[in-house]
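# Chains, contacts and geometry: an overview
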Amino acid sequence: MHTLLVFDFETTGTDTVRDRPVQFACVRTDLDLEIVGNPTTLHCRPTPDHLPDPAACLLNGITPQFCQEVGLPELQFVDAVQRELAAPGTISFGYNSIAFDDEIVRFMLWRNLMDPYAREWKDGCRRWDLLHLVRATYALRPDALEWPLNEDGTVSFSLARMSAANGLLHQSAHDALSDVYATLSLARRIRERQPRLYAHCFSMIDKNLALAEMDVALHKPFIHVGRSSGLNTRPNTARAAGVRILLPLAQHPVNRNEVIAWDLAADPRQLLDIDAETLRRRLAPAGDDEQEVEPIPLACIAANQSPPVFQNLSVLSRERAAELEIDVAAALANVPTMLGVLETVDLARLLQAAFDHRAPDCDPEQALYAGFIGNADRRALDMLRAMDPGNLAAFEPEFGDPRLGALFLRYKARHYPQALSRREQDKWEEYRFDKLITGECGSRTVTSVRASVAELRQGLADPAAAALLDEVVAYTDSLAVEIDPFDSGTPAAAPAPESTAPPEAEPPPLPPVTPVPPQQPVQPDFFGGAGTAPAKRRATARRR
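It should be emphasised that the depicted structure is a prediction, and the values quoted were computed from it without experimental measurement.

Attention shifts here to the pairing of strand β5 (residues 126-129). The side chains of a regular strand alternate, residue by residue, between the two faces of the sheet. Relative to β5, strand β4 (residues 90-94) runs parallel, the two being bridged by four bridges. Opposite S92, over in β5, you have R127 as the bridge partner. Chirality of the crossover, the property in question, places the unit of β4, helix α4 (residues 97-111) and β5 among those that are right-handed.

You will see that L33, though not glycine, has its phi angle at about 65°, which is positive. Examined against the element boundaries, L33 turns out to sit in the loop between β2 (21-29) and β3 (40-43). Here L33 falls in the buried class, since its relative accessible area comes to 0%. Despite not being glycine, N96 shows a phi value in the positive range, around 65°. On the accessibility criterion, N96 (31% relative accessible area) is partly exposed.

Moving on, we come to the state of the cysteines. This structure, assessed with the given rule, holds one disulfide. Each sulfur of the disulfide joining C362 and C441 lies 1.8 Å from the other. As the torsion about the S-S bond is roughly -75°, the C362-C441 disulfide counts as left-handed. Pair noted here: C362 is in the loop between α14 (347-355) and α15 (375-386) and C441 is in the loop between α17 (422-436) and α18 (446-457), with a separation of 79 residues, a long-range link. A residue is classified by how much of its surface remains accessible, and C362, at 49% relative accessible area, is partly exposed. Not part of a disulfide, C57 finds its nearest cysteine sulfur in C67, a span of 8.5 Å.

It is worth spelling out the packing of α17 against helix α19 (residues 463-483) at this point. One way to put it is that α17 packs onto α19 with a least axis distance of 10 Å and a crossing angle of 130°. Classed by the angle they form, the pair α17 and α19 counts as oblique. α19 is crossed by α17, and the crossing has left-handed handedness. Here α17 contributes R432, F433 and L436 to the contact with α19, which in turn contributes L479, E482 and I483.

If you walk across this open sheet you meet the five strands as β3-β2-β1-β4-β5, and the pairing is mixed. Strands with a single pairing partner mark the edges of an open sheet, and in this sheet they are β3 and β5. Here the average twist between neighbouring strands, direction ignored, is 25°. This element, helix α3 (residues 74-85), spans β1 (3-11), β2, β3 and β4 of the sheet and lies at about 25° to β2. Across the sheet, α4 touches β1, β2, β4 and β5, and the angle it forms with β1 is around 80°.

Taken together, five strands build an open sheet; the order of strands is β9-β8-β7-β6-β10 and the sheet is antiparallel. Only two strands of the sheet have a single neighbouring strand rather than two, namely β9 (298-302) and β10 (309-310). Here five bridges tie strand β8 (residues 258-263) to β9, and the two strands are oriented antiparallel to one another. Residue pairing across strands places E258 opposite A302, the latter belonging to β9.

With that settled, consider the packing of α18 against α19. Two quantities define a packed helix pair, namely the angle between the axes and the distance from one axis to the other. Two elements in contact, α18 and α19, have axes whose closest approach is 10 Å; the angle formed by their N-to-C orientations is 165°. By the angle between their directions, the pair α18 and α19 is classed as roughly antiparallel. In the packing of α18 onto α19, the handedness of the crossing is left-handed. Taking contact as the criterion, the partners of V446, V449, R450, V453, L456 and R457 in α18 are, on α19, A466, L469, D470, V472, V473, T476, D477 and A480. Counted by class, the contact of α18 with α19 contains nine nonpolar, one polar and four charged residues.

Over its 15 residues, α4 extends 19 Å from the first C-alpha to the last, a length consistent with the 21 Å expected when each residue adds 1.5 Å. Helix geometry: α4 is bent most strongly at E103, by close to 25°. Of all the 15 residues making up α4, 14 are buried; the element is thus mostly covered by neighbouring parts of the structure. Where α4 terminates, the next one or two residues include L113, which has phi positive at roughly 65°.

Another aspect to go through is the side chain of E103. Considering the arrangement of structural elements, one finds E103 in helix α4. Its relative accessible area of 12% is what places E103 among the buried residues. Once residues within four sequence positions are removed from consideration, E103 is found in contact with T16, S97, I98 and Y369.

Let's shift gears to the pattern of salt bridges. Taken as a whole and judged by the stated rule, the model has 30 salt bridges. Notably, a salt bridge pairs E120 with R106, separated by 2.7 Å at the nearest N-O pair. In this pair, E120 sits in the loop between α4 and β5 while R106 sits in helix α4, placing the two residues 14 residues apart along the sequence. Each member of the pair, E120 as well as R106, carries the same accessibility label: buried. The closest approach of N and O atoms between R422 and D426, which form a salt bridge, is 3.6 Å. Within this pair, R422 and its partner D426 are both found in helix α17, separated by four residues, close to a single helical turn. You can call R422 exposed: its relative accessible area is 54%.

Definitions and limits used
- Residues numbered from 1 in each chain as written.
- Predicted model: local features only at pLDDT ≥ 70, side-chain atom pairs only at ≥ 80, totals over all residues.
- Heavy atoms only, no water.
- Pairing = 2+ DSSP bridges.
- Helix = DSSP H or I, 4+ residues; strand = E, 2+ residues; numbered from the N terminus.
- Right-handed = clockwise from strand over helix to strand, strands pointing away.
- Buried < 20%, exposed > 50% of the residue type's maximum accessible area, 1.4 Å probe, protein only.
- Disulfide = S-S within 2.5 Å.
- Axes fitted to C-alpha atoms, helices over the stretch in contact; angles between N-to-C directions.
- Parallel < 35°, antiparallel > 145°, perpendicular 65-115°, else oblique.
- Left-handed = near helix turned anticlockwise from the far one by under 90°.
- Contact = heavy atoms within 4.5 Å.
- Nonpolar A, V, L, I, M, F, W, Y, C, P; charged D, E, K, R; others polar.
- Expected span 1.5 Å × (residues − 1).
- Bend = angle between axes of the 7 residues up to and from the residue.
- Salt bridge = Lys/Arg side-chain N within 4 Å of Asp/Glu carboxyl O.

Next up, the structure:
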C-alpha cells in the first residue's frame, strides 16, 4: 500500500553538493492527502568540517550552536531520515524537492556510505515534486489559483507567496515543518480544483509512463512544462510559463533515464552542419565568454524525475496558447523538417560525442555522479555501516572505486574519531585545513564567512538578527582556532581609539637578546620520504 510523505529540509546554504541539512520535517498522508501519522521534526548536529552560509542562518533562524544543543549526531539523523523516506510504498514529495531536497538527500547518503538512490525506487518507493504540478497548473489551467507576481511582473512560484496569494496557512516560511504543511495545503487545493491535471502529473512518478508520453520510437511531439527560460523573459509568454512543444529525438547516450528532445519553436535545419564540439559549446554556453554562442534548442527531460509532460497537445487550449504567444501550427510544421534532418544526420554519433564529455570532479564527496558503485564495493560499504565501531580501526578495506578510500576515512573521522590512526588523523586535519582555510574545490572558508557576516551587518537594524550573526562568527572562530592556530584568515584588527590621557613614561630599554642556536633541519615527513617538503600547517590542530 502506498502512502505519501511530504517533506522539507532546511540547510546550511543553497549548494546541493556542498551544503548540509540542519533540519528535516515530514508528515505522512494517504493518497487522498489525509494525514495518517504524527509529524516529525529533526535537527542535525554539525560536523567539524563544514561552515554554514550566514545568509542561510538569517533566513531559517537556525545557528550551529542550536543544532549542537538539540540536534542528532549526523549518523542518527541520516538513519532517521532514511527510515521515513525509504519506508516501503513511500511516495515522497516536497516543493522543488527533486531539484533541491532530493539532491541534499543523495549527497548526505553518499557521504555516509549509504546507497544514494535505492530509496527512490526500492520496495515500491517513488518521488514526486509539487512544484512541477504548480508550474503545469499555471501554464495550462491558470484559473485554478491566484498567481503572485515578482517585481518584474513575472509570476512568482515562491511557496510563501503562493500560500499568501491563495489564503493558505503558512505560519513560518523556512521552518521545515511549516513549509511541509503549506506544501500539503497547496497540493490539496490543486487536487480539489483540477483533479484530472493533478492525476496526470502524479502518474508521472512511474518513469515508464513518462517515457510513453515522450515516445522516442514514434517521434511524436509533446508538451513539457519546465522552468522559466531566462532573466529577460517577458511576462505572460511561453518562456515565462516554461511551456515548450518538443519532439523526442533519442535517449540520452549517458543517462538512459533522459530523453533528448528538440524545441519545435526553432528551425531544425541548424543541426545539418553542426559538429560535436560546436554542439557541446551550444549546450552550455559560457555567460562570461566574450564570444557567446546561442544556446541550442535541445532539452534533456529526465523520465525518473516525474516530469510534467503531455503527449495530448489539446491540454493547451487555443486561448491559452494565444495568451502565451505559442504558435502551435508553426511548431507542428517543423515536425516533417526535423524528420528529414534525422534521415540526413548521424544523430546517435553526434549526441554521443557531444554529451559524453565530463570534467573531472574536484573532491570525492562531490563526485557522486562520476559513476555507480560496483556490487562488491556496495557490499563492503554495507558491511562497514553494520560493523561494531570498535573494529573499524583494524579494518582496512580494499575498494575498487578510488573515491571510497577518502569517503571511508572522513566517515570514521566525523563519527568514530577514536578509530583513526595517527596518519589518518593527519590526513583528516589536512583535509579540514584545505577545505575551510584555503577553500579547496570551492568550499566555504573561515574568511568568506567572516566577510559575508560583515556585509550582512551593514544596515542591519534587527538586534535578534545581529545576535544570530554573532553566533555564526563565534562558531566559525571556534573551528578556526582548531584548524588554523595562527588564524591566517583573520581580518586585520580595527585601530585602537586615540587616547586623550597624557603620554606614559618612556619604558626602560630592553635587555640584550641572547643568541639563539641554529635551527635543526625539519624532520622529514614520516609517510612521504626525506625529500618531502614540510606540511602547510606548522602546528598540529587540536581535535574535537
